[in-house]
Amino acid sequence: MSALTDLTIAEARDKLAAKEIRATELTEAYLTAIEASDLNAFITVTPERAHEMAEASDTRLAAGTGRALEGIPLGIKDLFCTEGVRTTAGSKILGNFTPTYESTVTQNLWDAGAVLLGKLNLDEFAMGSSNETSAFGPVLNPWGENLVPGGSSGGSAAAVAAHLCAGATGTDTGGSIRQPAALTATVGIKPTYGRCSRWGIVAFASSLDQAGPIARTVKDAAILLREMASLDLKDSTSVDRPVPDYEAALEGGVKGKRIGIPKEYRVDPMPPALDALWQQGIDWLKDAGAEIVPVSLPHTKYALAAYYIVAPAEASSNLARYDGVRYGLRVEGDDIIGMYEATRAAGFGDEVKRRILIGTYVLSAGYYDAYYLRAQKVRSLIARDFNRAFEKDIDALLTPTAPGPAFSIGGKPDPVEMYLNDVFTVPVNMAGLPGISVPAGLSETGLPLGLQLIGRPFEEDGLMPIARVIEEAAGHFQPPAR
Amino acid sequence: MSVDLETVRRVAHLARIKVGDDEAVRLQDELNAILGFVEQLNEVDVDGVAPMTAAVDASLRRRVDEVTDGGNPERVLANAPAADDGFFVVPKVVE
């Protein structure tokens, strides 16, 4: 038998239910793997909490009252508030902040029986595409020496890829679940805006932020999403719609489905491996019975620029709360303004400061119309492009997830160049749509590449069988043994 | 549009972030690079386009106007850098 940590969530769930393995031994196997790992994927490991939760799961499993995720050990991005467990958002400014409440998404997971292994590393306040902006140091990608895992959910993606947890939560504001999933050969879902509650998640850009799973297989991601999603009266943007059984939707096939290929998702220059991968994806779906339809999303090229106005603007407002008064770091100054300024200067890293300043500038008197209002209008045009494509009976759009494979730590020192990583994922957030990244192949240098499927609002279940066809055709990709 | 050093300082003060002299110069370059990048939005014809105000078409729910939470001053203050007698403590603001 292979190692316990090699079991997928679906496999572990079945073995736990059949009493072939115990939750405590599964949890212990992961804690041992985390201990031995040098990826810096976790900021905080919670062995005591994990043991307690696993023991409670074993009691339930023995009694035959196991729930959907009973005994499944998960890692949680350190942006989700966890009661009694330090939550850092990857920043120094939160200090030893220990929430006195639990985020809705994580509470849903514990209510389904999942086990908390610890809190996963991330870019500071989820602002980054490489996990290099974390105040707790960069995360290493298990796929190679000195490679970034992508970001901002870099710890989540690296931990899932390296089998340090059975699955993980992430958040995605402009690609922060899908891009790291692509760079580590894992599956990542950014659900429709409103599908998962944002309550208790440290806010970055509230009109874009959405929680979702990162897992090893499409099936595991489907299992996790079903438990994460819910109506939550504490988040006024959470939607009152039934949560489908995503797992049951997996095996529907793609016969007769219409898959749109947006011609604007072609970067210049287009790396040959990425081009070939995209064509391969088209061929796989065509061979499985889908109809391929060329579509146009003419405002795609403006999505990133509009995003880098809207997201920093919202961030500058959301991050105003870190003032050294209610929680986190305080650095004294001459007076209260001096205290605010000293605290925020010491507590925020460079990328966060850049974005707060850009956001403050574009919202400031005299510039609001020229920048923020214009960006929000462009955002309407981006959303309209998608609506028009879907009106033509398109079931999903197929695109690459990221413009290239994992790069070296320190390899993209220019902020704007770093932002280009999210060129294919940002439009989806701007329009509030669901997207999934599926591992689809390897680059010339043997590093993972992903394909992205984009769906209609709240039709994550419709994406599942399409993602499954790509996954089955592409096969699974394991990082080289370290 | 580009920002001068004085604007960087003014915006930093609005954002309540202290920046040193060298840092302000570096931030000026970085902000101008980002503002240069977003300049392309001026090419887009947005005449008659309404700004997007919600990611998903949905009207906000209303709820009954009643207290659903509260009465936990200890929990509210638990993470405060300085607290006393049920209050957050800040530097003196009124002489």
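So, how was this worked out
Residues numbered from 1 in each chain as written. Chains lettered and ligands numbered in written order. Predicted model: local features only at pLDDT ≥ 70, side-chain atom pairs only at ≥ 80, totals over all residues. Heavy atoms only, no water. UniProt positions renumbered as here; feature names shortened; annotations may be inferred. Phe/Tyr/Trp six-rings, centres within 6.5 Å; stacked < 30°, edge-to-face > 60°. Helix = DSSP H or I, 4+ residues; strand = E, 2+ residues; numbered from the N terminus. Buried < 20%, exposed > 50% of the residue type's maximum accessible area, 1.4 Å probe, protein only. Pairing = 2+ DSSP bridges. Contact = heavy atoms within 4.5 Å. Axes fitted to C-alpha atoms, helices over the stretch in contact; angles between N-to-C directions. Parallel < 35°, antiparallel > 145°, perpendicular 65-115°, else oblique. Nonpolar A, V, L, I, M, F, W, Y, C, P; charged D, E, K, R; others polar. Buried area = accessible area lost by both parts, 1.4 Å probe. Salt bridge = Lys/Arg side-chain N within 4 Å of Asp/Glu carboxyl O. Polar contact = N/O pair within 3.5 Å; in protein donor to acceptor, adjacent residues only side chain to side chain. Right-handed = clockwise from strand over helix to strand, strands pointing away.

An unreviewed UniProt entry lists chain B under the name Aspartyl/glutamyl-tRNA(Asn/Gln) amidotransferase subunit C, with Acuticoccus mangrovi given as the organism. Turning to chain B, the UniProt annotation filed under Subunit (unreviewed entry) states: "Heterotrimer of A, B and C subunits."

Under the annotation held in an unreviewed UniProt entry, chain A carries the name Glutamyl-tRNA(Gln) amidotransferase subunit A and is attributed to Acuticoccus mangrovi. Check the Sequence similarities (unreviewed entry) section of the UniProt entry for chain A; it says "Belongs to the amidase family. GatA subfamily." Regarding chain A, the UniProt comment filed under Subunit (unreviewed entry) reads as follows: "Heterotrimer of A, B and C subunits."

This paragraph deals with the packing of aromatic side chains. All names here are of chain A. In this structure the tally under the stated criterion is 13 aromatic pairs over all chains. Ring geometry for Tyr 265 versus Phe 424: centroids 5.6 Å apart, planes at 20°, classification stacked. On the criterion of sequence distance, the pair formed by Tyr 265 in the loop between strand E7 (258-262) and helix H8 (272-287) and Phe 424 in the loop between helix H13 (415-419) and helix H14 (426-431) is long-range, its members being 159 residues apart. There is no split in this pair, since Tyr 265 and Phe 424 are both buried.

We now examine the pairing of strand E10 (residues 435-442) of chain A. All names here are of chain A. Counting buried residues along E10, seven of its eight residues qualify, which places the element largely inside the surrounding structure. As paired strands, E10 and strand E11 (residues 448-455) are joined by seven bridges and run antiparallel to one another. Paired with Ile 436 across the bridge in E11 is Leu 453. Remark: five residues form the turn of the hairpin made by E10 and E11, two consecutive strands paired antiparallel; Gly 446 in that turn has positive phi of roughly 80°.

All names here are of chain A. As recorded in UniProt, the sites labelled "active site" (unreviewed entry) are Lys 77, Ser 152 and Ser 176. A maximum C-alpha distance of 11.1 Å places the annotated residues, which cover 100 residues in sequence, within one compact spot. Mapped onto the fold, Lys 77 is located in strand E2 (residues 73-77). For Lys 77, a relative accessible area of 0% puts it in the buried group. In this fold, Ser 152 is placed in the loop between strand E3 (115-120) and helix H5 (154-161). What Ser 152 contacts, discounting residues up to four positions off in sequence, is Lys 77, Asn 121, Leu 122, Asp 123, Ala 126, Met 127, Gly 128, Asn 131, Thr 171 and Ser 176.

On to the packing of helix H4 (residues 104-111) of chain A against helix H7 (residues 218-228) of chain A, then. Residues and elements named next belong to chain A. The geometry of H4 relative to H7 is characterised by a closest axis approach of 8 Å and an angle of 110° between their N-to-C directions. As summarised for this structure, H4 and H7 are arranged roughly perpendicular, according to the angle between their axes. For the pair formed by H4 and H7, the contact residues are Val 105, Asn 108 and Leu 109 on the first element and Leu 224, Glu 227 and Met 228 on the second. Counted by class, the contact of H4 with H7 contains four nonpolar, one polar and one charged residues.

Our next topic: the interface of chain A and chain B. Contacts between chain A and chain B engage 71 residues on the former and 48 residues on the latter. Across the interface of chain A and chain B, roughly 5,200 Å² is buried in total on both sides, 69% from carbon and sulfur atoms. If you sort the residues of chain A by the area they bury against chain B, Glu341(A), Leu357(A) and Arg374(A) come out on top, with a joint share of 13%. If you look at where chain A meets chain B, you find four salt bridges. Residues Arg354(A) and Glu30(B) are paired through a salt bridge, measuring 2.8 Å at the closest nitrogen-oxygen approach. The interface formed by chain A and chain B includes 18 residue pairs in polar contact (both at pLDDT 80 or more). Only helix H9 (303-318), helix H10 (336-347), helix H11 (350-363), helix H12 (369-391), H13 and H14 of chain A provide two or more residues apiece to the side of chain A that touches chain B. The residue makeup of the side of chain A that touches chain B, split by class, is 39 nonpolar, 15 polar and 17 charged.

Turning our eyes to something else, we now look at the pairing of strand E8 (residues 291-295) of chain A. All names here are of chain A. In this structure, E7 lies alongside E8, joined through five bridges in parallel fashion. Its bridge partner lying in E8, Ile 259 is registered against Ile 292. In terms of handedness, the path from E7 via H8 over to E8 forms a crossover that is right-handed.

Opposite charge on two side chains makes pairing possible when the charged atoms of those side chains draw close. If you walk through the whole model with that rule in mind, you get 26 salt bridges over all chains. The shortest N-O distance in the salt bridge between Arg258(A) and Glu291(A) comes to 3.2 Å. Note that Arg258(A) is positioned in strand E7 and Glu291(A) in strand E8, a separation of 33 residues in sequence. Taking relative accessible area as the criterion, Glu291(A) reaches 41% and is therefore assigned partly exposed. With a closest N to O distance of 3.9 Å, Arg330(A) and Glu332(A) form a salt bridge. Salt bridges sharing partners connect three or more residues here, namely Asp350(A), Glu351(A), Lys353(A), Arg354(A), Arg355(A), Glu23(B), Arg26(B) and Glu30(B).

This part covers unusual backbone geometry. Residue and element names in this part refer to chain A. The amide bond that connects Gly 151 to the next residue, Ser 152, takes the cis arrangement and shows omega of 10°. With an omega of 0°, the peptide bond running from Asp 268 to Pro 269 counts as cis. Residue placement: Pro 269 occurs in the loop between E7 and H8. Positive phi values are uncommon outside glycine, yet Asn 40 reaches one of about 60°. By secondary structure assignment, the location of Asn 40 is in the loop between helix H2 (23-36) and strand E1 (42-45). In the Ramachandran plot, Ala 89 falls in the positive-phi region, its phi being about 55° despite a non-glycine side chain.

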